[in-house]
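Breakdown of the fold
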Amino acid sequence: MKNVQITQEIERLLQFSLNHRLIEKLDVIQSRNALLDLLQISEPYGESISQETLESPVVILEKLLDYANEVGIIKDNTLTSRDLLDAKIMGLLMPRQSEVVRDFFSTYEKQGPKRATDDYYELSKASNYIRMDRIAKNLYWQAPTEYGDLEITVNLSKPEKDPKEIAASKLRPQSNYPKCLLCIENVGFAGHVNHPARQNHRVIPITLGKEQWDLQYSPYVYYNEHCIVFHEQHVPMKISEKTFIRLFDFVEQFPHYFVGSNADLPIVGGSILSHEHFQGGRHAFPMEKAVVESEFINESYQNVKAGIVKWPMSVIRLSSNDKVELIKLSMEVLENWKEYSDEATNIRAYSDEGLEKIPHNTITPIVRRNSSGEFEIDLVLRNNRTSSENPDGIFHPHKELHHIKKENIGLIEVMGLAVLPARLETELKEIEKILIGDLKIFEKTQEDTSHPLNKHLNWIKELINKYALVKANEIPEILRKEVGFKFLQVLLDSGVYKRDEAGVTGFNKFMNSIGFKNLKDNK
């Protein structure tokens, strides 16, 4: 690409940045010079360019990255190297952290929290921190069940590293800065082969429970305005009274968002247990839409409505205008659940390892404002015990489901959104061919245990028997429904109280043990 063409692309990027309020008019000359310096170009484009409206800078960035590779600025042209440079480019066009924060709270005070988060979300997309072009590649559909429509997404937005990148990552010395992907030190960080660049990253400081926390968006949003709220200190996850106080504080400050926490124990927790954080956003998950099937009352909390939610996992829903009461009652549920055992339903609070007692019970809490404007909290009961039969977890997806989902069932999945691995895109297409009648693929799957479809073999046989007479054009929709059914089984496996008579009896027994009475029994 000739210099005159690349300088024109620089002008396009400056225009994009002005249009999306990344920079102001007075910043143009400084920003232009910074880009010229980075790309090792001596003079800018000498003519004006036509106005255009772009939602994303990606088309411009791709041309700048191609040029950088041609002239040797990018050494190996891997995706990681390109990502490191495009974050650096956009970082030169970003307002400073203090400016972003000042603008956010000015908007919050004058126009309200919704407008403040709207503007911040648009900034995070325009800066290419949220990579909307990659997120658009994700597969998404809904699967009808007796519990409502579950949401399914196949995650294609996180590209896998190629062999060159894997080799380079092994050669790089271990670094402890930043300590993790959530730490505040990620703001403006240049990144390297083992850690993403964050020059285009800005966060919003907020106070929760009289402590310093920060708000940011996930760079790979799984749902609308998927935000992360993280403790400013690198401290481990812990569900406690402070958790409930912080969650309600957040929803009070941002009533248009829900917020929830992963559990704080392995197996039932999220992927990052080392740094205290929550996830939130503006999205109504299937669990939120699920109805209360059994109503309860607690005489000590007359202003709180309580119930068991009709959901494949075990969920207690509490709602009230009084957040102090909700925090107190939620804490009672947590404290009692952590100590609760019931052999009839296979629930044990502790196991012994030598002199040490290993805890197993915890909670996944989610807070929101409901349609009546009340505070509402869902308390999802969790247990991380394992057994010889289920070494990955008794209340975890069992082995026969691992061909679809074997990872931890964290906050997002608990609420009814399956985040499934990228391999399923190709594998489902191949299974579709088998169901249409391609026996060669089926024969290879049976013969070769290393074949990518071999892990699906039992499922494929079931599907062949079930849909032998179905028309070819119906197969894709059938497969989507069947994946949805598998995800439902994942959630059912993860529920501590099963959806049968024994499970209902056990759940009611626990509710009664902490002072809840079923309203149906009182009538």
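The rules we used
Residues numbered from 1 in each chain as written. Predicted model: local features only at pLDDT ≥ 70, side-chain atom pairs only at ≥ 80, totals over all residues. Heavy atoms only, no water. Phe/Tyr/Trp six-rings, centres within 6.5 Å; stacked < 30°, edge-to-face > 60°. Helix = DSSP H or I, 4+ residues; strand = E, 2+ residues; numbered from the N terminus. Buried < 20%, exposed > 50% of the residue type's maximum accessible area, 1.4 Å probe, protein only. Lys NZ or Arg CZ within 6 Å of the ring centre and 35° of its normal. Contact = heavy atoms within 4.5 Å. Pairing = 2+ DSSP bridges. Axes fitted to C-alpha atoms, helices over the stretch in contact; angles between N-to-C directions. 1 Å grid on protein atoms, 1.4 Å probe; cavity = no way out; pocket = protein on both sides within 12 Å on 5 of 7 lines; lining within 4 Å. Points joined across faces, edges and corners; volume = space filled by probe spheres on them. Nonpolar A, V, L, I, M, F, W, Y, C, P; charged D, E, K, R; others polar. Polar contact = N/O pair within 3.5 Å; in protein donor to acceptor, adjacent residues only side chain to side chain.

1. A look at the packing of aromatic side chains
Summed over all chains, the structure comprises 21 aromatic pairs. For the pair W213 and F278, a centre-to-centre distance of 4.7 Å together with 15° between the ring planes defines the contact as stacked. With W213 in strand 4 (residues 211-217) and F278 in strand 7 (residues 277-281), this residue pair connects regions lying 65 residues apart in the sequence. One exposure class covers both W213 and F278, and it is buried. A centroid spacing of 4.9 Å and a plane angle of 15° characterise the contact between Y497 and F507, whose relative ring orientation is stacked. In this pair, Y497 sits in the loop between helix 16 (475-494) and helix 17 (501-513) while F507 sits in helix 17, placing the two residues 10 residues apart along the sequence. As far as burial versus exposure is concerned, Y497 and F507 are alike and both buried. One aromatic cluster in this structure is built from F104, F105, Y108, Y120, Y121, Y217, F250 and F254. Geometry around Y350 places K357 over its ring, the cationic atom sitting 4.3 Å from the centre. Seen from the ring of F375, R369 lies directly overhead, with NZ or CZ sitting 3.8 Å from the centre.

2. Considering the side chain of S124
Its place among the elements puts S124 in helix 6 (residues 113-126). Excluding anything up to four places from it in sequence, S124 contacts Y129, I130 and Y217.

3. With respect to the sheet that holds strand 3 (residues 204-208)
Two pairing modes exist for strands in a sheet, parallel and antiparallel, and in both the strands are linked by backbone hydrogen bonds. Taken in spatial order, the 11 strands of this open sheet run 3-4-5-7-6-13-14-10-9-8-16, and their pairing is antiparallel. Single-partner strands in this sheet number two, and they are strand 3 and strand 16 (516-518). In this sheet, adjacent strand axes meet at a mean angle of 30° when their direction is disregarded. Where strand 9 (residues 305-309) meets strand 10 (residues 315-320), four bridges bridge the pair, whose relative direction is antiparallel. Bridged to I308 within strand 10 is I316. Across the sheet, helix 6 touches strand 3 and strand 4, and the angle it forms with strand 4 is around 55°. With respect to the sheet, helix 9 (residues 241-253) is in contact with strand 3, strand 4, strand 5 (227-231), strand 6 (258-260), strand 7, strand 13 (361-369) and strand 14 (375-383), its orientation differing from that of strand 13 by roughly 15°.

4. Topic: the layout of surface pockets
Taken as a whole, the second largest pocket encloses approximately 910 Å³ of empty space. Around the second largest pocket sit 28 residues that line it, and R21, L22, I23, P95 and D103 are the ones nearest its centre. Broken down by secondary-structure element, the contributors of at least two residues to the lining of the second largest pocket are helix 2 (28-38), helix 5 (97-111) and helix 6. Tallying contributions element by element places helix 5 first for the lining of the second largest pocket, with seven residues. A per-class count over the lining of the second largest pocket returns 12 nonpolar, seven polar and nine charged.

5. Brief notes about the side chain of N298
Mapped onto the secondary structure, N298 falls in strand 8 (residues 292-298). Note on N298: relative accessible area 4%, which makes it buried. Looking at N298, its side chain comes within polar contact range of the main-chain oxygen of I514, at 3.3 Å. Apart from the residues within four sequence positions on either side, N298 is in contact with L329, I514, G515 and F516.

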